[in-house]
Amino acid sequence: MRTLRDIRVGETARVRSIHGAGALKRRIMDMGITKGTEIYVRRIAPLGDPVEVTVRGFELSLRKDDADILEME
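Remember, it's a predicted structure, so these values are computed and weren't measured experimentally.

A. Local environment of unusual backbone geometry. We note that Arg56 has phi near 55 degrees; this positive angle belongs to a residue other than glycine. Structurally, Arg56 can be placed in the loop between strand E3 (51–55) and strand E4 (58–62). Residue class for Arg56 comes out exposed when judged on its relative accessible area of 56%.

B. Geometry of the sheet that holds E3. Read from one edge to the other, the open sheet built from five strands follows the order E4-E3-E2-E1-E5, with strand pairing classed as antiparallel. Only two strands of the sheet have a single neighbouring strand rather than two, namely E4 and strand E5 (70–72). Going from strand to strand, the sheet's axes swing by 45 degrees on average, the running direction of each strand aside. As paired strands, strand E1 (residues 12–18) and strand E2 (residues 38–44) are joined by three bridges and run antiparallel to one another. Along E2, the bridge assignment pairs Arg14 with Glu38.

C. Structural view of the nonpolar core. Ranked by internal contacts, the top residues of the largest apolar core, which has 19 residues, are Leu4, Ile33, Ile39, Val53 and Leu70. Among all residues touching Leu4, those that are not within four sequence positions of it are Ile39, Val41, Val53, Leu62, Ala67, Leu70 and Met72.

D. Layout of the pairing of E4. Pairing geometry for E3 and E4, over five bridges, is antiparallel. In the strand pairing of E4, Val55 is matched with Phe58. Counting the residues that bridge the hairpin from E3 to E4 gives two residues, and of these Arg56 lies at a positive phi of roughly 55 degrees.

E. Representation of the side chain of Thr37 within the structure. Relative to the helices and strands, Thr37 is located in the loop between helix H1 (22–30) and E2. The exposure class assigned to Thr37 is buried, which follows from its relative accessible area of 5%. Here the side chain of Thr37 touches Thr34 through a polar contact of 2.9 Å, landing on its backbone oxygen. Among the polar contacts listed, one links the side chain of Thr37 to the side chain of Arg56, at a separation of 3.0 Å. Those residues within four positions of Thr37 in sequence are excluded, and the remaining contacts are Ala13, Arg14, Val15, Gly32, Val55 and Arg56.

Conventions used here
- Residues numbered from 1 in each chain as written.
- Predicted model: local features only at pLDDT ≥ 70, side-chain atom pairs only at ≥ 80, totals over all residues.
- Heavy atoms only, no water.
- Helix = DSSP H or I, 4+ residues; strand = E, 2+ residues; numbered from the N terminus.
- Buried < 20%, exposed > 50% of the residue type's maximum accessible area, 1.4 Å probe, protein only.
- Pairing = 2+ DSSP bridges.
- Axes fitted to C-alpha atoms, helices over the stretch in contact; angles between N-to-C directions.
- Core = buried A, V, L, I, M, F, W, Y, C linked by side-chain atoms within 4.5 Å.
- Contact = heavy atoms within 4.5 Å.
- Polar contact = N/O pair within 3.5 Å; in protein donor to acceptor, adjacent residues only side chain to side chain.

Shown next, in the form of structure tokens:
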């Protein structure tokens with residue numbers, strides 16, 4: 001399973017599924033990250049947390065734990 005953390009800087013990937021439950025999954029979906037959404041990885045902090053991405057034309061910073069629940073194609 002390839003997650004958002006496995007995507008390198010400058011790559012674009014599509015969300016296959018979200019493996020969270022409850023409030024965490026709801027929060028991710030409220031940010032506009034849903035199945036089939038393309039995510040472009042802009043930057044990764046030196047220690048790997050956070051990951052800066054572009055989703056639907058806006059920029060987000062995601063924690064490593066959040067990036068781990070996003071399965072990518």
